[in-house]
Amino acid sequence: MPRFAANLTFLFAELPFGERCAAAAAAGFGAVEILYPYDTAARDTRRALLANGLELVLINAPPPNYTGGTPGFAALPGGEDRFRYDIRRVLRYATELKAGLIHVMAGHSDAADAIDTLVANLQWAADAAPGQRFTIEPLNPTDKPGYALADFDLAAEVLARVDRANVGLQFDSYHAQMIHGDALAVWQRHSSRISHVQIGDAPGRGAPGSGQIDFPALFAAIDASGYEGWVSAEYTPATRRSADSLGWLRATMP
């Protein structure tokens, strides 16, 4: 079975943020991801990770723009200066938190040169921080209408153009199923480019086993592909306590 991590933005959200690391560790997770860690001092988050023996797999970029204005999303033509400023901010967090991956969000744009802008910005980020790994992730148009990157085949084309070893594809089973109708087929088509995995069922973004996706087949395909990264649970629990939604995890344990 894959190595499972917990997304602390979705799971254990019934708890104060400071208690979520302990809850994830108690549930058996060895790593976590935090989509937006910016409201908590990095040193406090780092202490909680260390105290519970957890690895931080991923954070999102850009951070919020607390002074107003549009944050530096990667596919917004004309926003290159803001993008670079925000990536530098995120890199400081990633360094202190020892975050393995930074998910660079494309943002909402229908401009003709949005994808060209995305490619150029990703190349800049990859070259500015060659020791840091980055990802891009297609988001489905039902949840994120107008998102500039809404197709896994397009994401593969972007990565081919970016052509940087430290930029890879983020596979989310929920978005893959919602966009293409077959998350397993998306995995099989693009597994060679995938550097991070998130799981949630579709429709509804519930726990594995609550919807259409054949997770035993998907987990077997992940294993067979030789993928060695983390598989992060990123779904909305239907139970009051997130721990009570983890039957799918216990079923994978020997």
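What counts, and where the lines are drawn
- Residues numbered from 1 in each chain as written.
- Predicted model: local features only at pLDDT ≥ 70, side-chain atom pairs only at ≥ 80, totals over all residues.
- Heavy atoms only, no water.
- Pairing = 2+ DSSP bridges.
- Helix = DSSP H or I, 4+ residues; strand = E, 2+ residues; numbered from the N terminus.
- 1 Å grid on protein atoms, 1.4 Å probe; cavity = no way out; pocket = protein on both sides within 12 Å on 5 of 7 lines; lining within 4 Å.
- Points joined across faces, edges and corners; volume = space filled by probe spheres on them.
- Nonpolar A, V, L, I, M, F, W, Y, C, P; charged D, E, K, R; others polar.
- Axes fitted to C-alpha atoms, helices over the stretch in contact; angles between N-to-C directions.
- Parallel < 35°, antiparallel > 145°, perpendicular 65-115°, else oblique.
- Left-handed = near helix turned anticlockwise from the far one by under 90°.
- Contact = heavy atoms within 4.5 Å.
- Phe/Tyr/Trp six-rings, centres within 6.5 Å; stacked < 30°, edge-to-face > 60°.
- Buried < 20%, exposed > 50% of the residue type's maximum accessible area, 1.4 Å probe, protein only.
- Lys NZ or Arg CZ within 6 Å of the ring centre and 35° of its normal.
- Polar contact = N/O pair within 3.5 Å; in protein donor to acceptor, adjacent residues only side chain to side chain.

*Asks:* I'd love a proper account of the sheet that holds strand β7 (residues 167-172), names of residues and values included.
*Replies:* Sheet architecture is open: nine strands sit in the order β3-β2-β1-β9-β8-β7-β6-β5-β4, paired in parallel fashion. Edge positions in the open sheet fall to β3 (55-56) and β4 (58-61), since each of these has one partner strand only. Judged from the two bridges that link them, strand β2 (residues 31-33) and β3 form a sheet pairing that is parallel. Residue pairing in the sheet places Val32 in a bridge with Leu56 of β3.

*Asks:* Any chance you could break down the layout of surface pockets for me, citing the residues and the numbers?
*Replies:* Here the idea is plain: a probe the size of a water molecule rolls over the atoms and shows the empty space left. Estimates place the volume of the largest pocket at around 310 Å³. Tyr36, Asn60, Met105, Leu139 and Lys144 are, among the 19 residues lining the largest pocket, the residues nearest its centre. For the lining of the largest pocket, the residue count by class is seven nonpolar, seven polar and five charged. Considering only enclosed or pocket space, the second largest pocket measures out at about 240 Å³ in volume.

*Asks:* Tell me about the packing of helix α4 (residues 114-128) against helix α5 (residues 152-162), and please be specific about residues and values.
*Replies:* Packing of α4 against α5 brings their axes to within 9 Å, and their N-to-C directions diverge by 50 degrees. As summarised for this structure, α4 and α5 are arranged oblique, according to the angle between their axes. In this structure, the crossing between α4 and α5 has a hand that is right-handed. Residues Ile115, Asp116, Leu118, Val119, Leu122 and Gln123 of α4 lie in contact with α5, whose contacting residues are Leu154, Val158, Arg161 and Val162. Of the residues assigned to the contact of α4 with α5, the class counts are seven nonpolar, one polar and two charged.

*Asks:* Any chance you could break down the packing of aromatic side chains for me, citing the residues and the numbers?
*Replies:* For the structure on display, the rule yields nine aromatic pairs. Taking 4.7 Å as the distance between ring centres and 80 degrees as the angle between the ring planes, the aromatic pair formed by Tyr38 and Tyr93 counts as edge-to-face. Of this pair, Tyr38 sits in the loop between β2 and α2 (42-51) while Tyr93 is found in helix α3 (residues 80-97), placing the two residues 55 residues apart along the sequence. Ring plane angle 80 degrees and centroid distance 5.3 Å describe the contact between Phe171 and Trp187, whose orientation is recorded as edge-to-face. With Phe171 in strand β7 and Trp187 in helix α7 (residues 183-190), the pair connects residues that are 16 residues apart, well separated along the chain. A relative accessible area of 0% means that Phe171 is categorised as buried. Of the residues examined, Trp187 reaches a relative accessible area of 2% and is grouped as buried. Clustering of aromatic rings is evident, with ring pairs tying together Phe4, Phe215, Phe219, Tyr235 and Trp248. Above the face of the Trp230 ring, Arg3 is positioned so that its terminal group lies 4.0 Å from the ring centre.

*Asks:* So, the environment of Asp244: which residues are in play, and what are the values?
*Replies:* Within the fold, Asp244 resides in the loop between β9 (230-233) and α9 (247-252). Sequence-wise, Asp244 and Trp124 are 120 residues apart; in three dimensions their C-alpha atoms are separated by 43 Å. Residues contacting Asp244, with those up to four places away along its chain left out, are Thr239 and Arg250. In this structure the side chain of Asp244 is engaged in a polar contact, spanning 2.7 Å, whose partner is the side chain of Arg241.

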